[in-house]
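Chains, contacts and geometry: an overview
Single-letter residue listing:
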Amino acid sequence: MSIALTDLRLAARRLAATPFFTIFAVLSLAVGVGVTTAVYSVVDSVFLKAPGIRNPEAVAFIVTPADAGLLIRGSISQPDFADLRAAQSPFSSVSASATFYPAVTSSLTTETLTAEAVDGAYFSTLGVSAEIGRSIQPADDADGRRVVVLSHRLWRARFAADHAVVGQTARISGHTFEVIGVAPATFEGAIGGLSGTSLWIPLSAEASLAPPTTTLPRERRRLLVFGRLKPSVTMPTAAAAVATIAANLDASFPPRSRAGETKASERPWLARSAAEVTQADNLFRRFGLTLVALVGLVLAVACTNLANLVLARSTIRQQELAVRSALGASRWRLVREQLAESVLLAVGGAVASYLVFQGLRAAVDADFQIGLPMGGRWQLSIHPSLDASALAVAVIALLVSLTVFGLEPALRLTRSRDVRSALGGGKGSLAVPGAGRRRVLLRWQVAISAGFFIVATMFVRLTITEAQHEPGVQMDRLGVASLQLPAHQWGEERVRQTMARIQQEARNDPNVEAVSVSTGLPFGIRGPMRLVLSTPDNPALKSELERSTPTATGIAATPSIFTTLGVTMVRGRGFDDRDHAAAAPVVVLSDFTARRIFGASDPIGQKLVIQRRPSRGDPPATATVIGIARDTDVGRLFGDPRMFVYLPFAQRYDSLLTVAVRSTGDANLAARAAQAAIRRADPDLAIDLTGTARTILAGPFVVLRAAGIAALALGGLTLLLAMGGLFGIQSHTVSHRTPEIGVRMAFGATAGQIQRMVLKDGYRPVLEGLALGLFIGVAGRTIVRAYLEVDISVVDPWTLLVALPLIGSAFCACYYPAHRAARVDPNVALRHL
């Protein structure tokens, strides 16, 4: 112990004598371990998280083939499920669930959540036990009991994580349910995903909440069915058994002919393990794996940086080690002292890494709600915990770099015992020990960091493009809330009265500038109608338009829609009190639509035939064009121009409605005003989605912006690491060449020649690394572009700017030491030989 403490004290003095090296090595460890572990933990908790069920390899989901992959949810009807459970199956237990979206009322608000109606064997089949209370049992489903199990996220958000929640009640779609349990935090439904499941109720209880339907029971396919395999059954055996059961059901209930085409099988069932279904190669998983790859590049740069630093430091001490070896120091003594330095650096890096991890974890620990195009939302619950596997990979990689490159000179010297060569400086007194290995490490360090930064600039370009893009809707100071009003619960007259109260409540708010109600918005909110447009005197146009799907997109809106959205009128007028339900139908067209249908002629006052698709029994309506509005994006941001029309809400009705509010302040104030107006008008009215216009309408672009910020931050971090490492390594190399410079100057070399020689040798690995980095960056941009829906060039001249900081660092690292060395008296420099 005394010897170990002596070695550690000696190592501490040596590290304190070189503060630049010590600080940079600790920072490299902190970045490599802390950032890598934190980012991977976040990605794992959001995109790569396990399904939270016991032994997922033994749980088989019954899925059906689909055009885009596999149809998982909603592929089996209730009678088919009953026949499957009654058959001789390879499952020890079989269960089913159906996803639905009820209105859940709490003390804060009424909102639409994602829920599952499950049979009594659901939780036992998945091997999930309630964290608090109990789960749904077969008796609950058999008796139709109105009981509910809350997700851990809903329990925390709406019930303040109250452990006395069991026995309390919750209102679900206007009905009272008793809370019987809370699911564990790791379980968010059989499939999970970003949205997850917020609550579970019995299948039989959900029947009282669902609207009546005329669909035949065996044709109403809405169940997700899965089973746990018997101990001796393999997945291929289960797949064959499921296929046999499906064939027998097809024989008993033959496939029906639809649209003149008879399907070969009504039940093309496949059996897939839960692990395979939940970890399928989808967009979210690819996005998560992409972030993991980027973090891996950060770790690679940190490793090469640290390896270069310790290798340079070790080679500096080569002669010291040779002297001590010549004086009788044992091999173990020399290696042990080197190891003591590595231990102290590792301890300092561990402390710094922990602080970095905790800081990043605290910065992202939150719940997020992001709107999706055409409705829906992502529920991002980011509560990362320390991931042991990521920590182990990062620590092992960095410790290998620290130990191998730090101990290698001592091991080589003591193994060969070539003390005379080491005392002379290596292969000739003018050689720079380890220079070839450092150049290789430096070249790859520059290449990886440059390539990474070039890929990161792609997201910056996307953010700039989005910021400069004009969607036609002024999203500043705009808040939106989407509502879903089922027809079996809400009549049209009641809905219109409620919408009138909401608008009046919003107008009474002094912070509200304008408010409107519509059946959707031009983009980002579901509800817009698909319409076929034609003119009375041009049936050929109608025939042409009917072949496109959809021919036009339209919304029905209150007169204030144009003021609220900030859409200006090009010609004519918008809606007003004249356009009531009993008045002649009118329509406002977008500028693109007017040009497409009427060409160069003036459309104001002309007739337009409007037919809804798919037809709901509404006869074609002939409306008069009263105005032309400025074009907006339709369907999604950056979309191709499409036809868009506005109809008066008084003359058209739909149960999917959107409340838009423009405030006198910021967009968050507008979103709160919209929610408050709805709450005051009807506390039981469920809000499907609420937030600022940029969050709801441009939801996926919020994710891309976040990805861009993360990628740019990681890219900048690798660039800074590369610049610091480049400066340190080049400065060390030039300083080590002082004897060589003295010899050259003694033979008549000028200061300018010395500087040019040093810059040329210093720039060679940097330029080689930049060339390789440009290739890596262009290849990376090509791959990333394949996953984006916007057109971003692969070769961007601005990406060449990444070379400037690296070239500048190399210049500073080579020029200033060379400038100092060139001013040294040759006699003084030659004394180092």
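All values reported here derive from a predicted model rather than from experimental measurement.

The next subject is the overall build of the chain. When helices and strands are tallied, the chain shows 26 helices and 29 strands. Out of the 833 residues in the chain, the part that is buried amounts to 51%. Summed over its atoms, the accessible surface of the chain is roughly 36,400 Å², and 60% of this surface lies on carbon and sulfur atoms.

On to helix α2 (residues 19–46), then. When the terminal C-alpha atoms of α2 are compared, their 39 Å separation across 28 residues agrees well with the 40 Å that a helix rising 1.5 Å per residue should span. Of all 28 residues that make up α2, 22 are buried, and the element is covered over most of its length.

Taken as a whole and assessed by the stated rule, the structure comprises 18 salt bridges. Among the salt bridges present, the one from D80 reaches R267, with a minimum N-O distance of 2.8 Å. Taken together, the residues D80 in helix α3 (residues 78–86) and R267 in the loop between β15 (261–262) and β16 (270–273) connect sequence positions 187 residues apart. By the burial criterion, D80 is buried, and R267 matches it. The closest approach of N and O atoms between R267 and D250, which form a salt bridge, is 2.6 Å. Of this pair, R267 sits in the loop between β15 and β16 while D250 is found in helix α8 (residues 235–252), placing the two residues 17 residues apart along the sequence. Salt bridges here are not isolated pairs; linked through shared partners, they connect R134, D140, D143 and R145.

Moving on: the side chain of T632. Looking at the secondary structure, you find T632 in the loop between β26 (621–629) and β27 (644–648). Residue class for T632 comes out buried when judged on its relative accessible area of 13%. If we skip the residues at most four places from it in the chain, T632 touches P471, G472, V473, P522, V567 and Y646.

All right, on to the confidence of the model for the chain then. Looking at the chain as a whole, its pLDDT mean stands at 78, while 76% of the residues score no less than 70. Here residues 426–432 scores under 50 on pLDDT; set against residues more than four positions off or in separate chains, the count is 14 contacts.

Looking now at the nonpolar core. Membership of the largest hydrophobic core comes to 43 residues, with the highest contact counts inside it found for V148, L150, L199, I201, V225 and W269. At six residues, the largest contribution of residues to this core is made by α8. Residue contacts for W269: discarding those within four places in its chain leaves I62, V63, T64, S75, I76, D80, L84, V242, I245, A246 and L249. The next biggest cluster of nonpolar side chains, apart from the first, holds 41 residues, and it includes V495, F598, L608 and M643.

A few words now on unusual backbone geometry. One non-glycine residue, A161, lies in positive phi territory at about 55°. Mapped onto the fold, A161 is located in the loop between α6 (152–158) and β10 (169–172). On the accessibility criterion, A161 (28% relative accessible area) is partly exposed.

Moving on to the packing of helix α1 (residues 2–17) against α2. At a closest axis distance of 5 Å, the pairing of α1 and α2 adopts a crossing angle of 100°. Between α1 and α2, the angle falls in the class roughly perpendicular. Here α1 contributes L15, A16 and A17 to the contact with α2, which in turn contributes P19, F21 and T22. For the contact of α1 with α2, a count of residues per class yields five nonpolar, one polar and no charged.

When the terminal C-alpha atoms of helix α16 (residues 492–507) are compared, their 23 Å separation across 16 residues agrees well with the 22 Å that a helix rising 1.5 Å per residue should span. Among the residues of α16, those classed as buried are V495, R496, T498, M499, I502, Q503 and A506. Around the axis of α16, the buried residues are gathered within 165° of arc, so they sit on the same side. Of the surrounding elements, those touching the buried residues of α16 are β19 (478–484), β20 (512–518), β28 (656–663) and α20 (667–681).

In terms of burial, strand β29 (residues 687–692) is a largely internal element, five of the six residues being buried. As paired strands, β19 and β29 are joined by five bridges and run antiparallel to one another. Bridge assignment links S482 to a residue of β29, and that residue is L689.

Looking at the secondary structure, you find V393 in helix α13 (residues 388–416). Sequence separation between V393 and G296 is 97 residues, and the spatial gap between their C-alpha atoms is 10.0 Å.

A few words now on the pairing of β26. Counting buried residues along β26, seven of its nine residues qualify, which places the element largely inside the surrounding structure. Across three bridges, the pairing between strand β23 (residues 569–572) and β26 is antiparallel. Looking at β26, one finds that G572 is bridged to G627. As defined by bridge partners, strand β24 (residues 586–590) adjoins β26 across five bridges and the pair is classed as parallel.

The full count for this structure, using the stated rule, is 10 aromatic pairs. Measuring from centroid to centroid gives 5.4 Å for F187 and W200, while their planes differ by 20°, and the two rings are stacked. With F187 in the loop between β11 (175–182) and β12 (199–202) and W200 in strand β12, this pair connects stretches of sequence that are 13 residues apart. As far as the burial class goes, F187 and W200 line up, both buried. What links up through ring pairs into an aromatic cluster is the set F61, Y122, F123, F187, W200 and F226. Here the guanidinium or amino end of R496 rests over the ring plane of F649, the centre of that ring lying 4.7 Å away.

Our next topic: the environment of S151. Residue placement: S151 occurs in the loop between β9 (147–150) and α6. Sequence spacing of S151 and A115 is 36 residues, and the spatial spacing of their C-alpha atoms is 9.6 Å. What S151 contacts, discounting residues up to four positions off in sequence, is V182, A183, T197, S198, L199 and W200.

Criteria and thresholds
- Position labels on residues start from 1 in each chain and follow its written sequence.
- With the structure being a predicted model, the display of local features is reserved for residues of pLDDT at least 70 and the display and counting of side-chain atom pairs for 80 or more, all residues being used for whole-chain, interface and lining totals.
- The basis for every side-chain value is the complete set of heavy atoms in the structure, and neither hydrogens nor water enter the calculation.
- Numbering of helices and strands starts at the N terminus; helices are DSSP runs of H or I of at least 4 residues and strands are runs of E of at least 2.
- Working definition: with a 1.4 Å probe on protein chains only, accessible area under 20% of the residue-type maximum means buried, over 50% means exposed, and in between means partly exposed.
- Each accessible area value is a Shrake-Rupley result obtained with a 1.4 Å probe; residue values ignore everything except the protein chains displayed when judging cover.
- Here a helix's expected span is defined as the number of its residues, less one, multiplied by 1.5 Å.
- The salt bridge definition used is simple: a Lys or Arg side-chain nitrogen within 4 Å of an Asp or Glu carboxyl oxygen.
- Should any heavy atoms of two residues lie within 4.5 Å, those residues are considered in contact.
- A residue's pLDDT is the confidence the predictor assigns to it, expressed on a 0 to 100 scale.
- Think of a nonpolar core as a cluster: buried Ala, Val, Leu, Ile, Met, Phe, Trp, Tyr and Cys residues, connected wherever their side-chain atoms sit within 4.5 Å.
- Geometry is summarised by axes, namely lines fitted to C-alpha atoms with helices restricted to the contacting stretch, and by angles between N-to-C directions that run from 0 to 180 degrees.
- For classification, angles of less than 35 degrees are called roughly parallel, those exceeding 145 degrees roughly antiparallel, those between 65 and 115 degrees roughly perpendicular, and all remaining angles oblique.
- Throughout this entry, Asp, Glu, Lys and Arg are counted as charged residues, while Ala, Val, Leu, Ile, Met, Phe, Trp, Tyr, Cys and Pro are counted as nonpolar. The remaining residues, Gly among them, count as polar.
- Note that the arc is computed from the directions linking the helix axis to the C-beta atoms.
- Note on pairing: DSSP must find at least two bridges between two strands before they are called paired.
- Ring pairs are drawn from Phe, Tyr and Trp, using the six-membered ring of Trp, whenever the two centres fall within 6.5 Å, and their geometry is named by plane angle: stacked under 30 degrees, edge-to-face over 60, tilted for the rest.
- In this analysis the charged atom, NZ for Lys or CZ for Arg, is taken to sit over a ring once it is within 6 Å of the ring centre and within 35 degrees of the ring normal.

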